[in-house]
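One letter stands for each residue in the lines below.
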Amino acid sequence: MSTHVSAAASPEAGYNFAYLDEQTKRMIRRAILKAIAIPGYQVPFASREMPMPYGWGTGGVQVTASILGRDDVLKVIDQGSDDTTNAVSIRKFFERTASVRTTTHTREATVIQTRHRIPEETLREGQVIVYQVPIPEPLRFLEPRETETRKLHALAEYGLMHVKLYEDIARHGHIATTYAYPVEVAGRYIMDPSPTPKFDNPKMHLMAALQLFGAGREKRIYAIPPYTEVRSLDFEDHPFRIQTFKDPCALCAATGVYLDEVIMDDRGGRMFVCSDSDFCEERRSAGHRGSMLADAPAALTGDSTHA
Amino acid sequence: MSALALGFADQVTNAQQIFGAVMNAFACPGSLQPLPSDLDPPRPLSPELAAIALALADHEAPIWIDARLAAEPAVAEFLRFHTGATIVSRPEEAAFALVADPERSLPVERFALGTAEYPDRSTTLVFAVSDLSEAEGWRLTGPGIPGSRIFLASPWPRGLADIVRANRTLFPRGLDVLLAAPDCVVGLPRTTRLVEEI
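Cut-off values and rules
Counting restarts for each chain, with residues numbered from 1 along the sequence as it is written. Written order determines the labels here, with chains lettered from A and ligands numbered from 1. Predicted model: local features are reported for residues with pLDDT of at least 70 only, side-chain atom pairs are reported and counted for 80 or more only, and whole-chain, interface and lining totals are derived from all residues. Each side-chain value is worked out from all heavy atoms of the structure, with water and hydrogens disregarded. UniProt positions are given in the numbering used here, feature names are shortened, and annotations may be inferred rather than shown by experiment. Between rings of Phe, Tyr and Trp, where Trp is taken as its six-membered ring, a pair exists when centres lie within 6.5 Å; planes separated by under 30 degrees are stacked, by over 60 edge-to-face, and by other angles tilted. The helix and strand labels rest on DSSP assignments: H or I over at least four residues marks a helix, E over at least two residues marks a strand, and numbering proceeds from the N terminus. The buried label goes to any residue with under 20% of its type's maximum accessible area, the exposed label to any with over 50%, and the partly exposed label to all in between, with areas taken from a 1.4 Å probe on protein chains only. For every element, the axis is a line fit to its C-alpha atoms; helices are fit only across the contacting stretch, and the angle between N-to-C directions ranges from 0 to 180 degrees. Our angle categories are set so that under 35 degrees counts as roughly parallel, over 145 as roughly antiparallel, 65 to 115 as roughly perpendicular, and the remainder as oblique. Any two residues whose heavy atoms approach within 4.5 Å at even a single point are treated as in contact. Polarity classes work like this: nonpolar for Ala, Val, Leu, Ile, Met, Phe, Trp, Tyr, Cys and Pro, charged for Asp, Glu, Lys and Arg, and polar for all others, with Gly in that last group. Buried area is a sum: the accessible area each of two parts loses on coming together, probed at 1.4 Å, counted once for each and added. By definition here, a salt bridge exists when the distance from a side-chain nitrogen of Lys or Arg to a carboxyl oxygen of Asp or Glu is within 4 Å. The term polar contact refers here to a pair of N or O atoms within 3.5 Å; inside protein, the definition further demands a hydrogen-donor-capable atom paired with an acceptor-capable atom, and it admits residues adjacent in sequence only when both atoms are side-chain atoms.

Labelled according to an unreviewed UniProt entry, chain B appears under the name Alpha-D-ribose 1-methylphosphonate 5-triphosphate synthase subunit PhnH, originating from Microvirga guangxiensis.

An unreviewed UniProt entry lists chain A under the name Alpha-D-ribose 1-methylphosphonate 5-phosphate C-P lyase, from Microvirga guangxiensis. Quoted verbatim from the Sequence similarities (unreviewed entry) field of the UniProt record, the comment on chain A reads "Belongs to the PhnJ family."

Right under this line is the structure:
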């Protein structure tokens, strides 16, 4: 996919700008402001029914709709990719209801809505990344009662979380949590970074962009301001480590990036390619070639000198 | 009978712009954020205070106004009409407190600080000041600030340093502060610390 910044047509009639009514936006905006003032704390909000099912990003969509201005440029990714169903439909949703410009290029976007990846390219000051969050409470699977988890956060009583990580070590010999890896924000609240691979956790630390998190079904909004300390929980003798990959991306030869496994056939054939589709495309167009990158037929590219 | 002053010319766009400025002000404490206000509210309510109230307050977010604003009935009338918010006399009930006279002392201890379990249920104080500067003044640190940032408001709101200091001991409870001068706004969320005073 190689769409550049695209200007959308006039917005769908009968809807307010960016779908939500103004009162809803104000309520969400107030929650966002408190979330920024208390980094990592989950602010309850009156999540609305959205024209998509829970689990498809209703929280992220409401946050995006509330911050979006007419001049914003929106990028939406689903597992790093701009061209999967969830990303395409949310991008279309905002093209139709807000007629904002959209892009696939991380650099050009002012607002990036993501379902579980942080782009490989370093985000800059002034950008906002909006995470879609399924379960915002990092302690939920350890303590099902909301009244109790509230109290644990109020008292900063996070021993339970360390016990969970310790049990990982006791059972597997290492911390086996690979996604939704808990972090401590600005030295106070323990936060669920949404199910991003733990590979992305270090990017949250002192990130120049503002990070907003929206959980629609669970009705919570939380935030990390720019340049805020984000520490992945660990132990002195079992320090936090991110995933590593043996081989570079098979298409663009990038190393030190998060790779997806692609099954090629039913005989065990597979390849590992960048999960961030925009990053991979830009590298290929800059001339980087991975081991499995094939040339497109001249008939497709229209390049006669290649024939 | 005087006509009621107008609200936003374009409610959707103006409210988003004002919110955007306030969001960036809290995300980057101490930095000046442009705040364009086309409002002409009844004085002594400043166009910036009016814009912040119209963008963020409604029937779910009550407003408290200081003595100088309360002395002019047209102010409460303007706010009530355009926001639908209740103008409360008890500071602890306010989501937003508008202060037109920053040099007069406020009932700081009476504003809502939130609770340990719901620290978000706290008042946001909005001060009107005449000038904001990044060139000299107080040195701030905290989330949203790479290293430290210099900031000064004049007049310096009375008791502001005490509020910021109290935020340190009260955290995660606390008061979030906005300072609005003509065409710009600065945020001091409860995470911001003063490291050096002038």
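Now that the structure has been shown, we can carry on.
All told, the structure shown has 13 aromatic pairs over all chains when counted by the stated rule. Geometrically, the ring pair formed by Tyr-41 of chain A and Tyr-189 of chain A is tilted, given 5.6 Å between the ring centres and 50 degrees between the ring planes. In this pair, Tyr-41 of chain A sits in the loop between α1 (22-37) and β1 (43-44) while Tyr-189 of chain A sits in strand β7 (residues 189-191), placing the two residues 148 residues apart along the sequence. Since its relative accessible area comes to 1%, Tyr-189 of chain A is described here as buried. A ring pair is formed by Phe-151 of chain B and Trp-156 of chain B, whose centres lie 5.9 Å apart and whose planes are at 50 degrees; its orientation type is tilted.

This paragraph deals with the packing of helix α1 (residues 11-27) of chain B against helix α2 (residues 47-56) of chain B. All names here are of chain B. It is at 9 Å that the axes of α1 and α2 come closest, and there the two elements cross at 105 degrees. Relative to α2, the element α1 is oriented roughly perpendicular. On the side of α1, the interface is formed by Ala-15, Ile-18, Phe-19 and Val-22, while α2 contributes Ala-51, Ile-52, Ala-55 and Leu-56. Each residue belonging to the contact of α1 with α2 can be placed in one class, and the counts come to 8 nonpolar, no polar and no charged.

All right, on to the interface of chain B and chain A then. Taken together, the contacts link 39 residues of chain B with 38 residues of chain A. Together chain B and chain A conceal approximately 3,000 Å² of surface at their shared face, both sides included; 64% is due to carbon and sulfur atoms. In terms of surface lost to chain A, no three residues of chain B exceed Val-12, Phe-19 and Glu-117 of chain B, which account for 19% of the buried area on that side. At the junction of chain B with chain A, the criterion picks out 4 salt bridges. We note a salt bridge from Arg-26 of chain A to Asp-58 of chain B, for which the minimum N-O separation is 2.9 Å. One can count 15 residue pairs in polar contact (both at pLDDT 80 or more) joining chain B with chain A. Mapped by element, the contributors of at least two residues to the side of chain B that touches chain A are α1 and α2 of chain B. Its residues assigned to classes, the side of chain B that touches chain A shows 23 nonpolar, 9 polar and 7 charged.

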